[in-house]
Amino acid sequence: MRPLFHPSLVNGRYGDPTVYVKTLFEKRGLLFDLGEIAALPPRKLQRIDQIFVSHAHIDHFIGFDHLLRLLVGRETSVHLYGPLGLAEHVYHKLQGYRWDLVEGYGCELIFIVNELRTTQSILTTQFRLRRAFAGEPSVSRATCDGVLCDEPSFRVSAVILEHHAHATCLGFALQEAAHVNIWKNRLMERGLTVGPWLRSFKRAIIEGLRG
(Lines give C-alpha, C1' and ligand atoms only; values in the text may rest on other atoms or scores of the structure.)
Protein backbone atom coordinates (compact mmCIF):
# COMPACT_ATOMS: atom_id res chain seq x y z
CA MET A 1 0.00 0.00 0.00
CA ARG A 2 1.47 3.35 -1.03
CA PRO A 3 1.90 5.93 1.75
CA LEU A 4 -0.15 9.11 1.56
CA PHE A 5 2.89 11.36 2.04
CA HIS A 6 6.05 11.60 -0.04
CA PRO A 7 8.72 13.78 1.67
CA SER A 8 11.85 15.10 0.01
CA LEU A 9 14.79 17.24 1.10
CA VAL A 10 14.62 20.41 -0.98
CA ASN A 11 18.28 21.36 -0.63
CA GLY A 12 19.93 18.01 -0.07
CA ARG A 13 21.71 16.93 3.10
CA TYR A 14 23.92 19.99 3.46
CA GLY A 15 21.73 22.87 2.31
CA ASP A 16 19.12 24.85 4.20
CA PRO A 17 16.89 22.42 6.13
CA THR A 18 13.61 22.32 4.23
CA VAL A 19 11.38 19.28 3.69
CA TYR A 20 8.62 19.34 1.09
CA VAL A 21 5.87 16.77 1.63
CA LYS A 22 3.72 15.89 -1.35
CA THR A 23 0.25 14.60 -0.54
CA LEU A 24 -0.82 11.73 -2.74
CA PHE A 25 -4.13 12.17 -4.60
CA GLU A 26 -4.50 15.79 -3.42
CA LYS A 27 -3.20 19.01 -4.96
CA ARG A 28 -1.63 20.26 -1.76
CA GLY A 29 1.74 20.17 -0.06
CA LEU A 30 3.24 20.61 3.39
CA LEU A 31 6.53 22.27 4.23
CA PHE A 32 8.68 21.57 7.25
CA ASP A 33 11.03 24.50 7.86
CA LEU A 34 11.29 27.40 5.49
CA GLY A 35 14.89 27.69 4.39
CA GLU A 36 15.89 28.45 0.81
CA ILE A 37 13.06 27.22 -1.44
CA ALA A 38 14.11 28.51 -4.88
CA ALA A 39 14.63 24.90 -6.01
CA LEU A 40 10.91 24.20 -5.66
CA PRO A 41 8.89 25.06 -8.79
CA PRO A 42 6.07 27.61 -8.36
CA ARG A 43 3.38 24.99 -8.96
CA LYS A 44 4.53 23.11 -5.85
CA LEU A 45 4.91 26.23 -3.71
CA GLN A 46 1.42 27.40 -4.65
CA ARG A 47 -0.01 24.13 -3.35
CA ILE A 48 1.44 24.64 0.13
CA ASP A 49 -1.17 25.56 2.71
CA GLN A 50 0.61 24.50 5.91
CA ILE A 51 4.18 25.31 6.96
CA PHE A 52 5.86 24.08 10.13
CA VAL A 53 8.79 26.24 11.28
CA SER A 54 11.02 24.78 13.99
CA HIS A 55 12.65 28.15 14.78
CA ALA A 56 13.50 31.43 13.08
CA HIS A 57 17.23 31.13 12.42
CA ILE A 58 18.01 32.40 8.92
CA ASP A 59 18.60 28.95 7.40
CA HIS A 60 15.18 27.84 8.61
CA PHE A 61 13.19 30.96 7.66
CA ILE A 62 14.84 32.82 4.76
CA GLY A 63 12.40 31.27 2.28
CA PHE A 64 9.45 33.27 3.61
CA ASP A 65 10.26 36.23 1.33
CA HIS A 66 10.36 34.00 -1.75
CA LEU A 67 7.02 32.46 -0.82
CA LEU A 68 5.47 35.86 -0.13
CA ARG A 69 6.50 37.21 -3.55
CA LEU A 70 5.00 34.18 -5.26
CA LEU A 71 1.67 34.29 -3.40
CA VAL A 72 0.89 38.02 -3.57
CA GLY A 73 -1.95 38.35 -6.06
CA ARG A 74 -3.33 34.88 -5.40
CA GLU A 75 -6.45 34.03 -3.38
CA THR A 76 -5.09 31.75 -0.68
CA SER A 77 -4.55 31.21 3.03
CA VAL A 78 -1.38 29.74 4.50
CA HIS A 79 -1.08 28.38 8.03
CA LEU A 80 2.30 28.68 9.70
CA TYR A 81 3.06 26.75 12.88
CA GLY A 82 6.01 27.40 15.12
CA PRO A 83 7.28 28.36 18.58
CA LEU A 84 6.24 31.40 20.58
CA GLY A 85 7.56 34.52 18.84
CA LEU A 86 6.93 33.31 15.27
CA ALA A 87 4.10 35.81 14.74
CA GLU A 88 6.45 38.68 15.58
CA HIS A 89 9.01 37.42 13.05
CA VAL A 90 6.31 37.13 10.37
CA TYR A 91 5.00 40.60 11.19
CA HIS A 92 8.42 42.23 10.79
CA LYS A 93 9.03 40.34 7.56
CA LEU A 94 5.74 41.63 6.15
CA GLN A 95 6.29 45.18 7.37
CA GLY A 96 9.62 45.31 5.58
CA TYR A 97 7.64 46.17 2.43
CA ARG A 98 5.19 48.93 1.50
CA TRP A 99 1.58 47.81 0.95
CA ASP A 100 0.02 51.11 -0.13
CA LEU A 101 -1.15 49.55 -3.42
CA VAL A 102 -3.17 46.69 -1.92
CA GLU A 103 -6.38 48.11 -3.43
CA GLY A 104 -5.10 46.95 -6.81
CA TYR A 105 -5.07 43.30 -5.78
CA GLY A 106 -8.35 41.52 -6.41
CA CYS A 107 -7.36 38.49 -4.35
CA GLU A 108 -6.89 38.16 -0.61
CA LEU A 109 -3.76 36.60 0.86
CA ILE A 110 -3.88 35.57 4.51
CA PHE A 111 -1.12 34.24 6.73
CA ILE A 112 -2.41 32.48 9.83
CA VAL A 113 0.38 32.09 12.38
CA ASN A 114 -0.07 29.48 15.11
CA GLU A 115 2.40 29.60 18.01
CA LEU A 116 2.73 26.67 20.38
CA ARG A 117 2.89 28.32 23.81
CA THR A 118 2.74 25.07 25.78
CA THR A 119 1.74 21.53 24.85
CA GLN A 120 -1.79 22.54 25.87
CA SER A 121 -2.11 26.00 24.31
CA ILE A 122 -1.80 27.62 20.86
CA LEU A 123 -1.85 31.35 20.08
CA THR A 124 -3.17 32.33 16.63
CA THR A 125 -2.61 35.63 14.80
CA GLN A 126 -3.80 36.54 11.29
CA PHE A 127 -2.20 38.88 8.77
CA ARG A 128 -4.29 39.97 5.76
CA LEU A 129 -3.03 41.61 2.58
CA ARG A 130 -6.08 43.89 2.33
CA ARG A 131 -5.22 45.28 5.77
CA ALA A 132 -1.60 45.83 4.75
CA PHE A 133 -0.70 42.81 6.90
CA ALA A 134 -1.36 44.65 10.15
CA GLY A 135 -1.52 42.07 12.92
CA GLU A 136 -5.00 41.28 14.18
CA PRO A 137 -5.70 40.52 17.87
CA SER A 138 -4.34 37.11 18.79
CA VAL A 139 -6.67 34.32 19.86
CA SER A 140 -5.74 31.51 22.22
CA ARG A 141 -7.08 27.99 21.85
CA ALA A 142 -6.54 24.77 23.71
CA THR A 143 -4.78 21.76 22.29
CA CYS A 144 -3.75 18.38 23.64
CA ASP A 145 -0.26 16.90 23.78
CA GLY A 146 1.15 19.46 21.35
CA VAL A 147 -1.19 18.60 18.46
CA LEU A 148 -0.94 21.49 15.98
CA CYS A 149 -3.41 20.30 13.36
CA ASP A 150 -5.64 17.26 13.26
CA GLU A 151 -7.23 16.51 9.90
CA PRO A 152 -9.13 13.43 8.75
CA SER A 153 -6.11 12.05 6.88
CA PHE A 154 -3.19 13.18 9.04
CA ARG A 155 -2.02 14.79 12.26
CA VAL A 156 0.98 16.98 13.05
CA SER A 157 2.15 17.31 16.63
CA ALA A 158 5.13 19.08 18.18
CA VAL A 159 7.32 19.07 21.24
CA ILE A 160 9.12 22.11 22.65
CA LEU A 161 12.90 21.81 22.59
CA GLU A 162 15.86 24.03 23.46
CA HIS A 163 18.10 25.29 20.67
CA HIS A 164 21.17 27.11 21.94
CA ALA A 165 20.93 29.28 25.03
CA HIS A 166 17.98 31.56 24.27
CA ALA A 167 16.15 29.97 21.33
CA THR A 168 13.02 27.84 21.58
CA CYS A 169 12.70 25.17 18.93
CA LEU A 170 9.97 22.74 17.96
CA GLY A 171 10.34 19.15 16.87
CA PHE A 172 7.54 17.91 14.61
CA ALA A 173 5.89 14.56 13.97
CA LEU A 174 3.71 13.90 10.91
CA GLN A 175 1.40 10.94 11.30
CA GLU A 176 -0.97 9.49 8.75
CA ALA A 177 -4.26 8.93 10.53
CA ALA A 178 -5.56 6.18 8.27
CA HIS A 179 -4.98 4.83 4.78
CA VAL A 180 -7.77 3.47 2.62
CA ASN A 181 -6.85 1.54 -0.51
CA ILE A 182 -9.37 0.65 -3.23
CA TRP A 183 -8.65 -2.33 -5.46
CA LYS A 184 -9.26 -1.40 -9.09
CA ASN A 185 -10.24 -4.95 -10.10
CA ARG A 186 -12.95 -5.02 -7.42
CA LEU A 187 -14.35 -1.76 -8.77
CA MET A 188 -14.46 -3.20 -12.27
CA GLU A 189 -16.26 -6.29 -11.00
CA ARG A 190 -19.03 -3.99 -9.75
CA GLY A 191 -19.18 -1.95 -12.92
CA LEU A 192 -17.57 1.09 -11.29
CA THR A 193 -14.84 3.29 -12.74
CA VAL A 194 -11.89 5.05 -11.17
CA GLY A 195 -12.47 8.80 -10.81
CA PRO A 196 -12.41 11.83 -8.53
CA TRP A 197 -15.37 10.44 -6.59
CA LEU A 198 -13.01 7.95 -4.93
CA ARG A 199 -11.27 10.75 -3.07
CA SER A 200 -14.53 11.82 -1.42
CA PHE A 201 -15.40 8.19 -0.77
CA LYS A 202 -12.08 7.53 0.99
CA ARG A 203 -12.41 10.71 3.04
CA ALA A 204 -15.90 9.65 4.16
CA ILE A 205 -14.55 6.26 5.27
CA ILE A 206 -11.72 7.88 7.25
CA GLU A 207 -14.04 10.35 8.92
CA GLY A 208 -16.35 7.48 9.82
CA LEU A 209 -13.48 5.57 11.41
CA ARG A 210 -12.42 8.65 13.39
CA GLY A 211 -15.98 9.33 14.52
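The text that follows walks through the structure, step by step, so that each part is easy to find.

## Focus: the overall build of the protein
Okay, so step 1: Helix and strand content of the protein: 6 helices and 11 strands.
Okay, so step 2: Its C-alpha atoms give the protein a radius of gyration of 19 Å, within 12% of the compact-globule value 17 Å for 211 residues.
Okay, so step 3: For the protein, the spread of C-alpha atoms along the three principal axes comes to 60 × 45 × 35 Å.
Okay, so step 4: Evaluated residue by residue, the protein yields a buried proportion of 39% over its 211 residues.
Okay, so step 5: Taking the contacts inside the protein whose residues are at least 6 apart along the sequence as the reference set, 52% of them involve residues at least 24 apart.
Okay, so step 6: When the accessible surface of the protein is split by element, carbon and sulfur atoms take 54% of a total near 11900 Å².
Okay, so step 7: Computed over 25 positive and 21 negative side-chain charges, the separation of the two mean positions in the protein equals 10 Å.

## Details of the packing of aromatic side chains
Okay, so step 1: Scanning the entire structure with this criterion turns up 11 aromatic pairs.
Okay, so step 2: Between F32 and F52 the ring centres are 4.8 Å apart and the planes differ by 15°, which places this aromatic pair in the stacked class. Taken as a pair, F32 in strand β3 (residues 29-32) and F52 in strand β4 (residues 48-52) lie far apart in primary sequence, 20 residues in all.
Okay, so step 3: Here the aromatic rings of F52 and F172 are separated by 5.7 Å at their centres, their planes lie at 65°, and the arrangement is edge-to-face. With F52 in strand β4 and F172 in strand β11 (residues 167-176), the pair connects residues that are 120 residues apart, well separated along the chain.
Okay, so step 4: Exposure remark for F172: the relative accessible area of 22% places this residue in the partly exposed category.

## Some details on a nonpolar patch on the surface
Okay, so step 1: A contiguous nonpolar patch, built from L192, W197 and F201 and spanning about 280 Å² of accessible area, is present on the exposed surface.
Okay, so step 2: With respect to the helices and strands, the residue L192 is situated in the loop between α5 (184-189) and α6 (197-210).
Okay, so step 3: L192 sits in the partly exposed class, given a relative accessible area of 39%.

## Quick notes on the side chain of S54
Okay, so step 1: Following the sequence through the fold, S54 ends up in the loop between β4 and α2 (58-61).
Okay, so step 2: At 2.9 Å, the side chain of S54 and the side chain of H55 are in polar contact.
Okay, so step 3: Looking at S54, its side chain comes within polar contact range of the side chain of H60, at 3.3 Å.
Okay, so step 4: The contacts of S54, once residues within four sequence positions are left out, are D33, H60, P83, T168, C169, L170 and F172.

## Description of helix α4 (residues 86-94)
Okay, so step 1: All of the buried residues in α4 are L86, A87, V90, K93 and L94. Down the axis of α4, the smallest arc covering the buried residues is 125°, so these residues share one side.
Okay, so step 2: The elements touched by buried residues of α4 are α2, α3 (64-71), β5 (76-83), β6 (109-118) and β7 (121-128).

## Re unusual backbone geometry
Okay, so step 1: The residue F133 is not glycine, and still its phi comes out positive at about 60°.
Okay, so step 2: Assignment of secondary structure puts F133 in the loop between β7 and β8 (139-142).
Okay, so step 3: Take F133: its relative accessible area is 0%, and that puts it in the buried class.
Okay, so step 4: Positioned with a positive phi, D145 is a non-glycine residue whose angle comes to about 55°.
Okay, so step 5: A relative accessible area of 57% means that D145 is categorised as exposed.

## Describing α3
For an α-helix the count is 3.6 residues per turn, leaving residues at separations of three or four pointing the same way.
Okay, so step 1: If you check which residues of α3 are buried, you get F64, L67, L68 and L71. One side of α3 carries all its buried residues, which in axial view fall inside an arc of 100°.
Okay, so step 2: Those residues of α3 that are buried lie in contact with α1 (42-45), β4, α2, β5, α4 and β6.
Okay, so step 3: One or two steps after α3, the chain reaches G73, where phi turns positive at roughly 100°.

About the thresholds
Residues numbered from 1 in each chain as written. Predicted model: local features only at pLDDT ≥ 70, side-chain atom pairs only at ≥ 80, totals over all residues. Heavy atoms only, no water. Helix = DSSP H or I, 4+ residues; strand = E, 2+ residues; numbered from the N terminus. Rg over C-alpha atoms; globule rule 2.2 N^0.38 Å. Buried < 20%, exposed > 50% of the residue type's maximum accessible area, 1.4 Å probe, protein only. Contact = heavy atoms within 4.5 Å. Areas by Shrake-Rupley, 256 points an atom, 1.4 Å probe, with all protein chains shown as cover. Lys, Arg positive; Asp, Glu negative; His and termini not counted. Charge placed at Lys NZ, Arg CZ, Asp CG, Glu CD. Phe/Tyr/Trp six-rings, centres within 6.5 Å; stacked < 30°, edge-to-face > 60°. Patch = residues over 30% accessible without salt bridge, like charges linked within 9 Å, V, L, I, M, F, W, Y side chains within 5 Å. Salt bridge = Lys/Arg side-chain N within 4 Å of Asp/Glu carboxyl O. Polar contact = N/O pair within 3.5 Å; in protein donor to acceptor, adjacent residues only side chain to side chain. Arc of directions from axis to C-beta.

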